[in-house]
Amino acid sequence: APSASGGGDGGGDHSFWSSLLKWSLAQQENGNVAGVRDGGLGTISEGEAAAPPAPPAAREVSEADREWFYEAMKARMEDTAATMGSIAAALAEGPRAELDAGTVEVRVALLEELAEKVERLDAANDLDAVGGLAPVLQALASPHAEIQSAAAEVVANVVQNNPKSQDRAMDLGAMGKLLAMLDDGASDGAIRKRPERVLAMALYAVGALVRGQLKAMDAFVLGNGPAACVGAMRGCGPRVQRRALNFLAYVVTHHRKGGEASAAAGGIRAGVACLMSRDDAVRHAALSYLLGLARVIDFEANPGAVSDYRAPAVGLALGRISGQAGSISTDEADARREEFSMAAELKRMLDG
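Residues numbered from 1 in each chain as written. Predicted model: local features only at pLDDT ≥ 70, side-chain atom pairs only at ≥ 80, totals over all residues. Heavy atoms only, no water.

Undergrad: I keep staring at the state of the cysteines and nothing clicks. Help me out?
TA: Linking two cysteines covalently through their sulfur atoms gives a disulfide. According to the stated counting rule, one finds 0 disulfides in the structure shown. A disulfide-free cysteine, Cys236 has its sulfur positioned 9.9 Å from the sulfur of Cys274, the nearest such atom. With relative accessibility at 5%, the residue Cys274 sits in the buried group. (Disulfide = S-S within 2.5 Å. Buried < 20%, exposed > 50% of the residue type's maximum accessible area, 1.4 Å probe, protein only.)

Undergrad: Help me out: how do you make sense of the side chain of Ser149 in this one?
TA: In this structure, Ser149 sits in helix α6 (residues 145-159). Look at Ser149 and you get buried, because its relative accessible area is 4%. Among the polar contacts made by the side chain of Ser149, one reaches the side chain of Arg197 at a distance of 3.4 Å. The residues touching Ser149, leaving out its near neighbours within four places in the chain, are Arg197, Val198 and Met201. (Helix = DSSP H or I, 4+ residues; strand = E, 2+ residues; numbered from the N terminus. Polar contact = N/O pair within 3.5 Å; in protein donor to acceptor, adjacent residues only side chain to side chain. Contact = heavy atoms within 4.5 Å.)

Undergrad: I would appreciate a short explanation of the pattern of salt bridges in the present structure.
TA: Once their charged atoms are close, side chains differing in charge can pair, the charge on each being opposite to the other. Tallied over the full model, the rule gives 13 salt bridges. Note that Lys215 is salt-bridged to Asp171, the shortest N-O span being 3.8 Å. Residue Lys215 is found in helix α10 (residues 214-222), and its partner Asp171 is found in helix α7 (residues 163-171); the two are separated by 44 residues along the sequence. Between Arg256 and Glu260 there is a salt bridge; the shortest N-O distance is 3.1 Å. On the criterion of helical spacing, the pair formed by Arg256 and Glu260 is a turn pair, its members being 4 residues apart in helix α13 (residues 256-264). Among the residues examined, Glu260 registers a relative accessible area of 16% and is labelled buried. Each of Asp280, Arg283, Glu332, Arg336 and Glu339 takes part in salt bridges that share partners, so that together they form one network. (Salt bridge = Lys/Arg side-chain N within 4 Å of Asp/Glu carboxyl O.)

What follows is the structure, given as structure tokens:
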């Protein structure tokens with residue numbers, strides 16, 4: 001049987017689970033493996049015809065084997081919790097201001113290990129129990145971009161599809177810290193203060209935090225989150241634009257005021273600019289946002305949105321997309337079928 005201990009490093013994790021799987025299969029197959037005769041009397045020689053394999057004999061797992069299995073699993077879970085507790089303690093120690101390069105590298109490595117461990121739901125829920133969620137959220141405010149982005153990835157993995165952790169993160173002020181990462185004060189033409197990786201990971205974490213959680217969505221809108229997302233699109237590359245647009249497309253279909261706030265912040269103009277992108281996924285995300293917003297927004301209550309949708313740039317961008325349908329290969333046209341369909345629907349809505 002494999003050892004029930006396994007260490008905290010990723011290699012140890014892989015070795016442990018691999019050994020446990022092989023042991024479990026061996027119990028089911030009564031100890032036989034491919035290429036070995038029943039009873040282990042000899043291997044099948046090359047060229048020798050193998051007799052049809054007989055069904056493996058049923059074997060009742062002994063109480064001792066069963067006890068070992070559960071003890072091994074329990075020990076591994078305890079090892080994971082202990083490792084997360086140690087990482088949390090290390091992150092909580094020392095100054096939170098400027099750190100030397102070596103210390104930054106160590107903290108990033110700790111956060112990356114934590115991000116991998118909390119991908120499992122049980123470990124994600126255990127993180128706060130071992131005191132790990134609070135120092136991770138504190139790391140979101142680090143002056144070091146590498147630490148910020150690594151911490152945001154941990155937060156995203158912890159709260160994704162996890163209502164319990166979403167609520168706890170909200171209680172600890174996660175939304176305010178993530179919005180502060182997004183809102184770097186840059187405006188059109190201004191030099192961004194934060195690297196794009198920080199913005200991308202902040203968007204990832206905010207998206208995971210609000211999905212399926214009305215309280216978190218309300219806090220996002222009240223915290224000027226839609227405007228921060230619109231601002232993050234400007235002057236950034238495709239990765240950030242895709243994430244911001246896809247998230248805003250989700251917002252407009254789940255929170256009317258959030259959609260209106262994005263329009264008031266210039267979201268329509270920013271989305272139209274992204275329709276000119278060479279990146280297929282950016283154009284698709286922009287159309288999803290613009291079409292979704294047009295379907296739900298109250299144009300009478302939001303006259304500025306009417307002006308933005310009727311701007312000449314909108315017709316030019318939609319015409320450019322529609323015109324490409326007949327000038328590309330059949331395979332490319334098939335791949336972009338949904339993009340062309342959304343562009344045509346949005347054009348019909350605006351022309352009507």
